[in-house]
Amino acid sequence: FKTAYYVIGLWLGLICFSYCIAPRDSIQWLTGTERNACLVELSILSTAVTMKHGPLLWEINLMDFTPSGRGTPKSGRRSYLISSSRASGILVGGLVVQFIAIVTVVIMVAFPVPVMIDPVLGSRVHLIRWCEWTPLAGFMTLMTECIDAPIYNGSRLTHDWKAKFFLAANESLSTLCGLFFPFCPNAFTWYVVMIISCVTYTVILFRYYQKKKAFEKLSRGSSVDEIELYDRSRMSLALHGMCCFIWTGITIMYFVSNAGHLVVPKSWSLFHDPAATMLEECFMDLVAKILYMALIIEAHYAAFDEAKRANRRLAELKNTMSVVWESSSDTIAISVRKISGSVTSMVSPSFFRPALVSTINRTAVDQISAIVLELQHSEVQKKRGSLTSSTRIMPQNLPHVALRIIEKADFAGVDLHNSSDIETFDGIVRNGDKLDPMGLRVLAFTDMLSRAWQSNCDELVFEHDAVLHEDGLPTKFEVKVTRLEENAVVVVVRDVSERYRRFEAEKRFVFETTARQKDAEANRFTRHEVKNGLLAAIEICGNIREQFSEDFNSLQKDDKLPTITEQSLSTRIEHVSELDRTLHEVLDIVLAETMARDVIHEMYVPRMQRVDVNYILSHMRGFKASSKQFSLKCSPSPMPILLTDQGLFKCIHGNAIRNAIKYGEKGGPIRTEATYNAETGWFEMHIINLPGPGHAQLVAMGDRASELVFSHSTRLHKDVDLGQNSHSAGDGAWIMHKCATILGGSVQINFEDDRTVFVFRAPCKV
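As a starting point, this report considers the structure included with it. Treat the numbers as computed from the prediction; the structure is a model and nothing was measured. The written sequence of each chain sets the order in which its residues are numbered from 1. The model is predicted, so local features are restricted to residues of pLDDT at least 70 and side-chain atom pairs to those at 80 or more, both for listing and for counting; the totals for chains, interfaces and linings are taken over all residues. Excluding hydrogens and water, the side-chain figures rest on all heavy atoms present in the structure.

## Observations regarding a nonpolar patch on the surface
We apply this condition: Patch definition: residues above 30% relative accessible area lacking any salt bridge, with like charges linked at up to 9 Å and the nonpolar side chains Val, Leu, Ile, Met, Phe, Trp and Tyr linked at up to 5 Å. Areas reported here follow the Shrake-Rupley algorithm with a probe of radius 1.4 Å; residue values treat only the protein chains shown as occluding. Put simply, a salt bridge is a Lys or Arg side-chain nitrogen that is within 4 Å of an Asp or Glu carboxyl oxygen. Secondary structure elements follow DSSP: runs of H or I no shorter than four residues count as helices, runs of E no shorter than two count as strands, and numbering proceeds from the N terminus. Partly exposed residues are those whose accessible area sits between 20% and 50% of the maximum for their type, while under 20% is buried and over 50% is exposed, using a 1.4 Å probe and protein chains only.
On the surface, Phe17, Ile21, Phe180 and Phe183 cluster together into a nonpolar patch covering about 310 Å² of accessible area. Along the chain, the position of Phe180 falls in helix 5 (residues 161-180). Given the relative accessible area of 35%, Phe180 is considered partly exposed.

## Some points on the pairing of strand 22 (residues 746-751)
Two faces, one strand: in a regular strand the side chains alternate between the faces of the sheet. To be explicit about the condition: For two strands to count as paired, DSSP must find a minimum of two bridges between them.
Of the two faces of strand 22, the one lined by Val747, Ile749 and Phe751 is fully buried and the one lined by Ser746, Gln748 and Asn750 carries no buried residue. Where strand 22 lies against strand 23 (residues 756-763), six bridges are found, and the strand directions are antiparallel. Bridge pairing in strand 23 links Ser746 to Arg761. Where strand 22 folds back on strand 23, the antiparallel hairpin that results is connected by four residues.

## A look at the packing of aromatic side chains
Let me state the cut-off plainly: Each pair of aromatic rings taken from Phe, Tyr and Trp, with Trp reduced to its six-membered ring, is defined by centres within 6.5 Å and is described as stacked if the planes are under 30 degrees apart, edge-to-face if over 60, and tilted in the remaining cases. For a ring to carry a charge above it, either NZ of a lysine or CZ of an arginine must fall within 6 Å of the ring centroid while also lying within 35 degrees of the normal to the ring plane.
Applying the stated criterion across every chain yields a total of 16 aromatic pairs. Geometrically, the ring pair formed by Trp190 and Tyr191 is edge-to-face, given 5.3 Å between the ring centres and 90° between the ring planes. Seen in terms of ring centroids, Phe351 and Phe352 are 5.2 Å apart; in terms of plane orientation they differ by 80°. Their pairing is edge-to-face. Residue placement shows Arg441 over the ring face of Phe351; its charged tip is 5.5 Å from the ring centre. Across from the ring centre of Tyr500, 4.9 Å away, lies the NZ or CZ of Lys476, which sits over that ring.

## Focus: the packing of helix 1 (residues 2-21) against helix 4 (residues 127-147)
Applicable threshold: Lines fitted to C-alpha atoms define the axes here, with helix axes fitted over just the stretch in contact, and angles between the N-to-C directions of these axes take values from 0 to 180 degrees. By definition in this entry, angles of less than 35 degrees are roughly parallel, angles greater than 145 are roughly antiparallel, angles of 65 to 115 are roughly perpendicular, and the rest are oblique. Each crossing gets its handedness from the near helix: less than a right angle anticlockwise from the far helix is left-handed, clockwise is right-handed. Note on contacts: a residue pair is in contact if any heavy atoms of the two residues lie within 4.5 Å.
The geometry of helix 1 relative to helix 4 is characterised by a closest axis approach of 9 Å and an angle of 160° between their N-to-C directions. Classified by the angle their axes make, helix 1 and helix 4 are roughly antiparallel. The way helix 1 lies across helix 4 gives a crossing that is right-handed. For the pair helix 1 and helix 4, contact is made by Thr3, Ala4, Val7, Leu10, Trp11, Leu14, Ile15, Ser18 and Tyr19 and by Leu127, Ile128, Cys131, Glu132, Thr134, Pro135, Leu136, Phe139 and Leu142, respectively.

## Notes on the sheet that holds strand 3 (residues 124-126)
Strand pairs in the sheet, formed through backbone hydrogen bonds, run parallel or antiparallel to each other. Judged by pairing direction, the sheet is antiparallel, and its three strands sit side by side in the order 1-2-3 without closing on themselves. Strands with a single pairing partner mark the edges of an open sheet, and in this sheet they are strand 1 (27-28) and strand 3.

## Let's talk about the nonpolar core
Rules: To define a nonpolar core, start from buried Ala, Val, Leu, Ile, Met, Phe, Trp, Tyr and Cys residues and group those joined through side-chain atoms within 4.5 Å.
Residues Cys38, Met108, Trp247 and Tyr292 are the most contacted members of the largest nonpolar core, which totals 71 residues. Once you skip the residues sitting within four places of it in the chain, Trp247 turns out to touch Ala137, Met140, Thr141, Glu171, Tyr201 and Ile204. Of all hydrophobic cores here, the second largest spans 42 residues; its members include Ala674, Met685, Val709 and Leu743.

## Looking at helix 1
Here is the rule: Each residue after the first adds 1.5 Å to the expected span of a helix. The arc in question is the one traced by the directions running from the helix axis out to the C-beta atoms.
Taking 1.5 Å per residue as the helical rise, helix 1 with its 20 residues ought to reach 28 Å, and the 28 Å between its terminal C-alpha atoms agrees with that figure. Among all positions of helix 1, only Ala4, Val7, Trp11, Leu14, Ile15 and Ser18 are buried. Viewed along the axis of helix 1, the buried residues span an arc of 100°, placing them on a single side of the element. Within helix 1, the exposed residues directed more than 90 degrees away from the buried face are Lys2, Tyr5, Tyr6 and Cys20. Where helix 1 is buried, its residues touch helix 3 (89-110), strand 2 (113-117), helix 4 and helix 5.

As structure tokens, then:
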């Protein structure tokens, strides 16, 4: 388009230049045969241009004029068809050539023009004609070259612009010499200019030979792109051949009309007529312009009409996907962006089928092959949200979308550039309070297409919600966009509402199941601790019962009250106090069920307080064992008051002691070693017991045994007899591990050949 402006500017500049340099007496009105020849050319050329270009300009809506009764919405707003202007660059260039030719003839008919005499040939030289031919020779040559298929340079398709502009410049220079002939001061200068003109002209002949050789090696191919490139090469070669033939004919006729009177007798009056040059120029110019116009229009239709190109590309893409297109429940859209920026999309009918069924019968719906949507560039660029709802869009902001329903029988003959095939969809149609279902779906798909084109990614997946039913519930779609090339994308739309509903149901099921499992684990934790506390209380009650039994037996034997010694009284008081503390601990555990649940759910926050570790470690707390079995070693001694969670600490220590009693050597010593490093702030406790039944098997398992001990509901001592007042579910070590983790520490157990060592480590502050 810019080149066309430059050509018009150069043409006008040459006309002004010719009027300035021509002598005043040479500016004259054309009369007689010369004027009649110009009138004949003007009438024929203008008629041909009107007949050829008129229907084409009307068809492509070049001036944005909509035919009466076609595509005008009921609201009175202007409808958008395929494009506001779909004139290709090659078509505009052809129009500029015809415009300059017609206006030049009009100037020669309607105004006085400079006419000079050739100093060598003695013929009349019409400078305005050469002002026309000089820019058009280069411009027509350049268009001929630009029509040709681009060359692949290893990374992209491109043109050799230097070679093209060099060729066009040579043709313009060759023609410009004709303007300078009447100004040559002598024959020598004239001959030099003529040689320059002929030499620069022959460049186009050599170029035609090169193009013909290159075209012979081309094959038509089968894809749309290959056919288009082949047609461009073919049309470029045809235009090039036409230019060579016509311009060579003009050159020959130039010498015949301008120099013929020098070699033929006077009886040949036509050659001696001063109007002979005008007759030759008008005839050859008319032939050249009509042939060039016909080839330009053919090239436009073959390779440059964006509507036909889009139609061919959509048809090819649809043919390659015909099986998926017809049978897939997903909606497939093939979208192509044109030069003007508007987007044409061919959509499989599955997305619109529910709306179509409600408006036409099902048999007719089955015959629909595709839905074509046309969006203007401005509509594509508008920002779209992730939810389409008619209630969220103002009526004046509803998009204008060109819509066409294509049946299977008509698909092969579809022509997207024909405006008569387009129906304009004018937003959402309301009948009272009822929404038009087709309108809702077109609106939703328009939003999805706009979001797809607004991304520059090669692949994109996003979700889009659309309210398509009167119940107001959104339908969720998954949109996958694949970019085939810069101006073509494939959009696949899938209804995932059912998947999301199923996912939500599964999520609720998993949540409820997990909650039940966590509650069950919390109950196991509480039951385990309550069980241990009650067993300890039972053991204390047994000790008290034995003490009173001894006193009662002594009373029966001596028939008098036994003497209650100070040691006996101290022992009884100690047992009762122990029973009281144990029962209070059981009560604390029962009341701390919330703590147990938080421990299981790993949400428990330690309640740090000052704890007398010496007292906890040295006190039996109702363990079913003799006090002589226990020994304690602290470093430093006495152990300082530490800041920790007393409940968790007692839980770890109590379970470790009970496991040592249950699974260690019966009646064997149990040693507790506690150390606190004031520099590092770490507390470490070792509980050591001698091997019990099944210890050899545990040693043989190696590290695997140490891992299994802390697993949930795992008991490795399955063959150990725990006695009638004791039982185990295998949760003690698992509970210790949970508590240690909450304190930020760790637990470990080592099964050595001659002993079992339980280790607890945790950070503590003094």
